[in-house]
Amino acid sequence: MEILKPTDPLSFQVAWESTLKCNMDCSYCGDGHDNSQSHPGLAASLNTVDFIFDYLELQMKTRTHRFAGLNIQGGESVNHPKIVDILKYIQVKKARVDYNLSVALITNATAVATRWARVVDLVDYFTISFHAELDFKNKPRFLNNVLYLAEKNKNFQVNIMMHPRHWQDCLTMIKFCQTHKIQYHLRQIDHHWLDRRFNYTAEQVEFLTGARPVNLKDKAIAVIKNGFDLDSQGRSCCGGNSLCADGCNVTRVVNRFKGWHCSVDKYFLYIRQTTGEVFTNKDCQMTWDGTVGPIGNLKDTQKILDRVRQGTPTIVCKKTKCWCGLCAPKASTAEKFNTLNHMYANEATSQSTDQ
């Protein structure tokens, strides 16, 4: 495999971690929440919204596929006390742009009914995360909130986090979605390779991938690790996009792209409100300078915007595995990268470097 790209045009996706506080404490969440921190203030949050729209304006100028998504997440974003005010401000800004913008919310959908109803009318698309570790109190609230979205004819998808230790609960959620004709996507749980709690059985691997493990080496390792680690075997696109590798459509690829030339910055932006850090992508975090880390800070957003205006070099991946930037067009060499038919300005593809 020397070239990887999605089969359909991609929109530009902004992921805004608006708060780190969460009402849940999932065992696999890692640094995805921190309940010791306060919710960011309203003024600072609205300033970030202004920066997001300025950044999107730069990205949209040269595109033929003028679609973007603003994905608000946490922690649990719906728990932010000013979430309704923030969403209303976003809708005012959205009404002024000349491209297609979808306002999305990534949520565990366990908010109380009154708050949920106020939020729903201000959001275009919901990515609902089903966590099988839901407690008894939150589970019926989750199901009712999902059904409320269906009744309101909202666009949404349920991402079912396939927990190997709560497998039956996950299967029950799949049945619930099928019964109510709700779109859903199965997500394997990412984890550190030394963490064996989220390795899968052979039967679970077959359910998730369509193929039962047959390699003797993999089976031997699974005995030692108490299960199969799918992180080492491949991964599908987070958004469920079909991928094209060397002329063939695929759904899962091996996540090894170190040294590849990648357009992840042309499709993603990730912002941590609590720290002020701005990244090209949440988990990738590759910079234009060939390092891993932020491209700037919310304290000086003008510096970030000026650099984008001046033009940025192509990112050359330094990571051993690809996560959320998986479906961004990429190629093994600068020459092959420049042959890709990107949905952004041609001059951007010609700035590939050999960092």
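None of the values given here were measured: they were computed from a predicted structure. (Residues numbered from 1 in each chain as written. Predicted model: local features only at pLDDT ≥ 70, side-chain atom pairs only at ≥ 80, totals over all residues. Heavy atoms only, no water.)

## Let's talk about the environment of Gly-325
Then comes step 1: In this fold, Gly-325 is placed in the loop between strand 16 (315-316) and strand 17 (330-331).
Then comes step 2: Gly-325 sits 40 residues away from Gln-285 along the chain, and the two C-alpha atoms are 9.3 Å apart.
Then comes step 3: With residues near it in sequence (within four places) discarded, Gly-325 still touches Val-264, Phe-268, Asn-281 and Lys-330. (Helix = DSSP H or I, 4+ residues; strand = E, 2+ residues; numbered from the N terminus. Contact = heavy atoms within 4.5 Å.)

## Section: the confidence of the model for the protein chain
Then comes step 1: Of the residues in the protein chain, 89% reach a pLDDT of 70 or more, and the chain-wide mean stands at 87.
Then comes step 2: Of the regions scoring below 50 in pLDDT, residues 343-355 engages in 43 contacts with residues more than four places distant in sequence or in other chains. (pLDDT = per-residue confidence, 0-100.)

## A short note on the nonpolar core
Then comes step 1: Counting residues in hydrophobic clusters, the biggest one holds 90 residues, and the most contacted among them are Tyr-55, Ile-90, Phe-126, Ile-128 and Val-158.
Then comes step 2: Those residues in contact with Ile-128, other than ones at most four positions away along the chain, are Thr-107, Ala-109, Trp-116, Phe-142, Val-146, Leu-149, Phe-156, Gln-157, Val-158 and Asn-159. (Core = buried A, V, L, I, M, F, W, Y, C linked by side-chain atoms within 4.5 Å. Buried < 20%, exposed > 50% of the residue type's maximum accessible area, 1.4 Å probe, protein only.)

## Comments concerning the packing of aromatic side chains
Then comes step 1: Evaluation of the coordinates by the stated rule reveals nine aromatic pairs.
Then comes step 2: Summarising the aromatic geometry, the rings of Tyr-28 and Phe-198 are spaced 5.8 Å apart at their centres and angled 90° between planes, so their arrangement reads as edge-to-face. One end of the pair, Tyr-28, is in the loop between strand 2 (12-17) and helix 1 (42-60); the other, Phe-198, is in the loop between strand 7 (184-188) and helix 6 (202-209), with 170 residues separating them in the sequence. Each member of the pair, Tyr-28 together with Phe-198, is buried.
Then comes step 3: Considering the side-chain rings of Phe-257 and Trp-260, the 4.8 Å spacing of their centres and the 80° angle between planes classify their relative orientation as edge-to-face.
Then comes step 4: The class of Phe-257 is buried, set by a relative accessible area of 2%.
Then comes step 5: Through a chain of ring-to-ring contacts, three or more aromatic side chains come together here, namely Phe-12, Phe-51 and Tyr-55.
Then comes step 6: The cationic tip of Arg-63 hangs over the ring face of Tyr-267; the distance from NZ or CZ to the ring centre is 5.3 Å.
Then comes step 7: Across the ring face of Phe-257, the terminal group of Lys-330 is positioned such that the distance to the ring centre comes to 5.3 Å. (Phe/Tyr/Trp six-rings, centres within 6.5 Å; stacked < 30°, edge-to-face > 60°. Lys NZ or Arg CZ within 6 Å of the ring centre and 35° of its normal.)

## Some thoughts on the side chain of Ser-18
Then comes step 1: Among the secondary structure elements, Ser-18 is positioned in the loop between strand 2 and helix 1.
Then comes step 2: According to the relative accessible area criterion, Ser-18 is buried, its value standing at 2%.
Then comes step 3: If sequence neighbours within four positions are ignored, Ser-18 has contacts with Pro-40, Ile-72, Gln-73, Ser-77, His-80 and Gln-273.

## A few points about the environment of Asn-71
Then comes step 1: Residue placement: Asn-71 occurs in strand 3 (residues 67-73).
Then comes step 2: Linking Asn-71 and Val-103, residues 32 residues apart in sequence, is a C-alpha distance of 6.3 Å.
Then comes step 3: Setting aside residues no more than four positions away along its own chain, Asn-71 makes contact with Gln-13, Val-14, Ala-15, Trp-16, Ala-104 and Ile-106.
Then comes step 4: A distance of 2.6 Å separates a polar atom in the side chain of Asn-71 from a polar atom in the side chain of Gln-13. (Polar contact = N/O pair within 3.5 Å; in protein donor to acceptor, adjacent residues only side chain to side chain.)

## Section: the pairing of strand 6 (residues 155-162)
Then comes step 1: The element strand 6 is extensively covered by neighbouring structure, given that seven of its eight residues are classed as buried.
Then comes step 2: Following the backbone out of strand 5 (residues 125-130), through helix 4 (residues 138-151) and into the adjacent parallel strand 6, one traces a crossover that is right-handed.
Then comes step 3: For strand 6 and strand 7, the ladder comprises five bridges, and the chain directions are parallel. Following the sheet pairing, Met-161 is matched in strand 7 by Arg-187.
Then comes step 4: Between the parallel elements strand 6 and strand 7, the chain passes through helix 5 (residues 167-179) in a crossover that is right-handed. (Right-handed = clockwise from strand over helix to strand, strands pointing away. Pairing = 2+ DSSP bridges.)

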